[in-house]
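These are the residues of each chain, in order.
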Amino acid sequence: MKSSNNKILIIAVVLLLITNVALVALMVTGRDKDNGKGHRGKGEPFQLMVKELKLTEQQQKEFKQLKEEHFANTKPLFDSLRAAKAAFFTLLKEENVNDNMLNSYSQRVNERQSALDKILFIHLKKVRSLCSAEQQPKFDSFVLKMMQRGRRDSASGKK
């Protein structure tokens, strides 16, 4: 029973990693087609947020500072995540990869992704705190929309 649970977990992790790599590839190729905009002509998320939330000049200034700090903090983690994924996928060329090895490499990827998700969450909480009480529901909606952007609705099959 434990072996079948491990196999299911391994399959799930591998599928998630493949999906992650495919999404990154789509984002990179999408940027090339959009002349570097990366958002299909809709403007970068900062400009969208300024427009939708009607951020004041002071809010924009504070948000830019938070954004710069966030990117400075996450760049090394993204580099580490890429390296962990590269190491994980180099296992493909190995003849005999046991479950322990696969789990170990997968765990390294998961730990880095989890750390990035936590940092993003903290960053978004800080950004949300910049918003007025009237802006916060719009911010919440905006964040959810950005997180779901480009995903298919499983019920209807529509984007």
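**Let's talk about the environment of S132**
Along the chain, the position of S132 falls in the loop between α4 (99–130) and α5 (135–148). The partly exposed category is assigned to S132, whose relative accessible area is 26%. Spatially, the C-alpha atom of S132 lies 9.7 Å from that of Q59, the residues being 73 residues apart in sequence.

**Re the nonpolar core**
F46, M49, V50, L53, L55, F63, L66, V127, C131, F139, F142 and V143 form the largest nonpolar core, which has 12 residues in total. Sorting the residues of this core by element identifies α2 (45–53), α3 (57–90) and α5 as the ones contributing at least two each. For this core, the element with the most residues is α2, which contributes 4 residues. The contact partners of L66, leaving out residues within four places of it in the chain, are H123, K126, V127 and L130. Core analysis: the next-biggest nonpolar cluster, separate from the first, contains 10 residues, I10, A84, F88 and L116 among them.

**Section: the side chain of H70**
Assignment of secondary structure puts H70 in helix α3. Apart from residues no more than four positions distant in its own chain, H70 is found in contact with I119, L120 and H123.

**Some points on the pattern of salt bridges**
What the rule picks out here adds up to 4 salt bridges. Note that E52 is salt-bridged to K145, the shortest N-O span being 3.3 Å. Separated by 93 residues along the polypeptide, E52 in helix α2 and K145 in helix α5 bring together distant segments of the chain. Under the relative-accessibility criterion, E52 is labelled partly exposed at 33%. Close ionic contact of R128 with D140 constitutes a salt bridge, the shortest N to O distance being 2.6 Å. Taken as a pair, R128 in helix α4 and D140 in helix α5 lie far apart in primary sequence, 12 residues in all. Exposure remark for D140: the relative accessible area of 29% places this residue in the partly exposed category. Several salt bridges converge on common partners, so that one network encompasses K75, D79 and R82.

**So, α3**
Under the 1.5 Å per step criterion, the end-to-end length of α3 is 48 Å for 34 residues, consistent within 8% with the ideal 50 Å. Where α3 bends most, at T74, the angle is about 35 degrees, and the proline P76 comes one to four residues later. Along α3, the residues that are buried comprise Q59, Q60, F63, L66, H70, T74, L81, A84, K85 and F88.

**Considerations on the packing of aromatic side chains**
How two aromatic rings sit relative to each other is set out by the distance from centre to centre and by the angle between their planes. In total, this model carries 1 aromatic pair according to the counting rule given. Cation over ring: R108 sits above Y105, and NZ or CZ is 4.6 Å from the ring centre.

Definitions and cut-offs
- Residues numbered from 1 in each chain as written.
- Predicted model: local features only at pLDDT ≥ 70, side-chain atom pairs only at ≥ 80, totals over all residues.
- Heavy atoms only, no water.
- Helix = DSSP H or I, 4+ residues; strand = E, 2+ residues; numbered from the N terminus.
- Buried < 20%, exposed > 50% of the residue type's maximum accessible area, 1.4 Å probe, protein only.
- Core = buried A, V, L, I, M, F, W, Y, C linked by side-chain atoms within 4.5 Å.
- Contact = heavy atoms within 4.5 Å.
- Salt bridge = Lys/Arg side-chain N within 4 Å of Asp/Glu carboxyl O.
- Expected span 1.5 Å × (residues − 1).
- Bend = angle between axes of the 7 residues up to and from the residue.
- Phe/Tyr/Trp six-rings, centres within 6.5 Å; stacked < 30°, edge-to-face > 60°.
- Lys NZ or Arg CZ within 6 Å of the ring centre and 35° of its normal.

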